[in-house]
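A look at the structure
As a plain string of letters, each chain reads:
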Amino acid sequence: MRFRHPDGSTVHLAYCTNVHPAETLDGVLAQLRDHCEPVRRRLGRDRLGIGLWLARDAAHALVTDPSALRGLRTELEHRGLEVVTLNGFPYEGFGAEEVKYRVYQPDWADPERLAHTTDLARVLAQLLPDDVTEGSISTLPLAWRTAYDQERATAAHTALTTLAERLDALQELTGRSLRIGLEPEPGCTVETTRDALAPLTAIGHDRIGICVDTCHLATSFEDPHTALDALAQARVPIVKSQLSAALHAEHPHLPEVRAALAAFDEPRFLHQTRTLTAAGLRGTDDLGEALAGDALPDASPWRAHFHVPLHEAPAAPLTSTLPVLRAALTRLVGGPHPLTHHLEVETYTWQALPPELRPRARAQLADGIAAELTLARDLLTDLGLKELP
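The structure contained in this document is the topic of the report that follows. All values derive from a computational prediction rather than experimental measurement.

The rules behind these values
Residues numbered from 1 in each chain as written. Predicted model: local features only at pLDDT ≥ 70, side-chain atom pairs only at ≥ 80, totals over all residues. Heavy atoms only, no water. Helix = DSSP H or I, 4+ residues; strand = E, 2+ residues; numbered from the N terminus. Buried < 20%, exposed > 50% of the residue type's maximum accessible area, 1.4 Å probe, protein only. Contact = heavy atoms within 4.5 Å. Axes fitted to C-alpha atoms, helices over the stretch in contact; angles between N-to-C directions. Parallel < 35°, antiparallel > 145°, perpendicular 65-115°, else oblique. Left-handed = near helix turned anticlockwise from the far one by under 90°. Nonpolar A, V, L, I, M, F, W, Y, C, P; charged D, E, K, R; others polar. Phe/Tyr/Trp six-rings, centres within 6.5 Å; stacked < 30°, edge-to-face > 60°. Lys NZ or Arg CZ within 6 Å of the ring centre and 35° of its normal.

**Remarks on the environment of I50**
Tracing the backbone shows I50 in strand 3 (residues 48-53). On the basis of relative accessibility, which here comes to 1%, the residue I50 falls in the buried class. Sequence-wise, I50 and M1 are 49 residues apart; in three dimensions their C-alpha atoms are separated by 8.7 Å. Excluding its chain neighbours within four sequence positions, the residues that come into contact with I50 are A14, Y15, T17, L32, C36, L76, L81, E82, V83 and T85.

Here is the structure:
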């Protein structure tokens with residue numbers, strides 16, 4: 001979906017396909033047929049943006065087989081789909097029964113991360129629509145915080161500098177300008193937008209910027225205006241923003257609130273949980289840890305890294321951080337010029353919701369994704385952007 005900003009530039013809105021796990025190219029092609037095109041049809045649009053997630057094997061197959069890459073582009077066009085952004089965070093196994101900490105491997109100190117992201121860039125340069133010259137890829141925020149010492153930090157810095165040089169060369173070859181956005185996430189070396197300032201300033205290349213995920217922003221209790229102003233002041237490019245909402249519990253000390261939160265404590269993904277105290281931010285690596293005894297202070301609200309559907313807040317006594325998303329989006333695209341041109345709805349946890357809330361068939365999932373995109377579209381038009389055909 002494309003929107004015209006009042007300044008005349010185009011803002012792209014997509015939804016991320018990591019909600020449809022696939023490890024192979026055949027699986028990606030099946031996603032387009034079974035999920036993405038049905039969502040487009042529900043929205044009544046001739047064109048729908050998707051943020052592709054390509055696992056290692058699928059990306060490698062595309063970059064080593066030009067005919068396969070041409071075939072994917074043809075399939076996208078046939079189904080009325082376009083790609084200007086990729087989700088390069090998960091490497092493989094995102095559809096496994098248990099993902100948890102594995103999603104942070106390999107990190108940017110490992111050569112495999114550089115090789116995979118280079119493959120993604122080469123693929124994206126060929127998938128961009130003919131009238132689009134700029135693409136984006138979101139990625140792991142350096143590493144999970146443990147076992148990340150100075151030696152590994154130096155290796156990660158070198159890898160990202162090498163990637164920036166490769167993107168420069170790719171633009172010379174293809175005419176396509178691609179940028180990478182580190183995506184701050186609770187528990188990682190770069191947990192907040194503030195944490196991103198030092199490493200990104202040290203790299204000092206406009207190819208390497210930040211991806212602002214509004215669920216992660218909210219989970220860490222960052223104020224959107226303060227965070228985005230700091231990025232602008234530091235001249236850190238906002239490569240893309242993922243529109244998402246976290247799980248919010250206003251009164252976590254109450255038994256009924258604890259019981260409601262327990263329904264979201266599931267075994268597949270990590271749900272980092274945070275609370276803001278007078279002494280600063282406190283947290284646990286997972287929701288279950290927070291609920292176990294007194295691991296997390298409960299005198300103030302809790303937020304958990306659980307991407308809940310945008311259009312439908314959890315039932316009371318819980319809610320979502322949709323207001324944080326609204327505030328961030330206002331700052332991102334509501335001003336005289338957009339701070340980013342790539343927006344991506346990323347709710348990958350549909351099948352991790354409590355059983356009674358999960359879609360029971362493809363059609364229900366397509367309905368839900370279409371409803372999320374409709375909400376995002378309405379937020380954009382309320383900010384003065386005009387939806388394009």
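**Notes on the packing of helix 2 (residues 56-64) against helix 4 (residues 111-127)**
It is the contact of helix 2 with helix 4, at a shortest axis distance of 9 Å, that shows an interaxial angle of 50°. One element, helix 2, and the other, helix 4, form an angle in the oblique class. As for how helix 2 packs across helix 4, the hand of that crossing is left-handed. Contact residues: helix 2 offers R56, A59, H60, L62 and V63, while helix 4 offers H116, D119, L120, R122 and V123. In terms of residue class, the contact of helix 2 with helix 4 is made up of five nonpolar, two polar and three charged.

**Digging into the packing of aromatic side chains**
One pass over the structure, following the stated rule, counts eight aromatic pairs. Here F89 and Y104 contribute two aromatic rings whose centre-to-centre distance is 6.1 Å and whose plane-to-plane angle is 65°, an arrangement assigned as edge-to-face. With a gap of 15 residues between them, F89 in the loop between strand 4 (81-87) and helix 4 and Y104 in the loop between strand 4 and helix 4 connect regions that are remote in the sequence. Note on F89: relative accessible area 5%, which makes it buried. The residue whose ring lies beneath R303 is F221, and the NZ or CZ to ring-centre distance is 4.4 Å.

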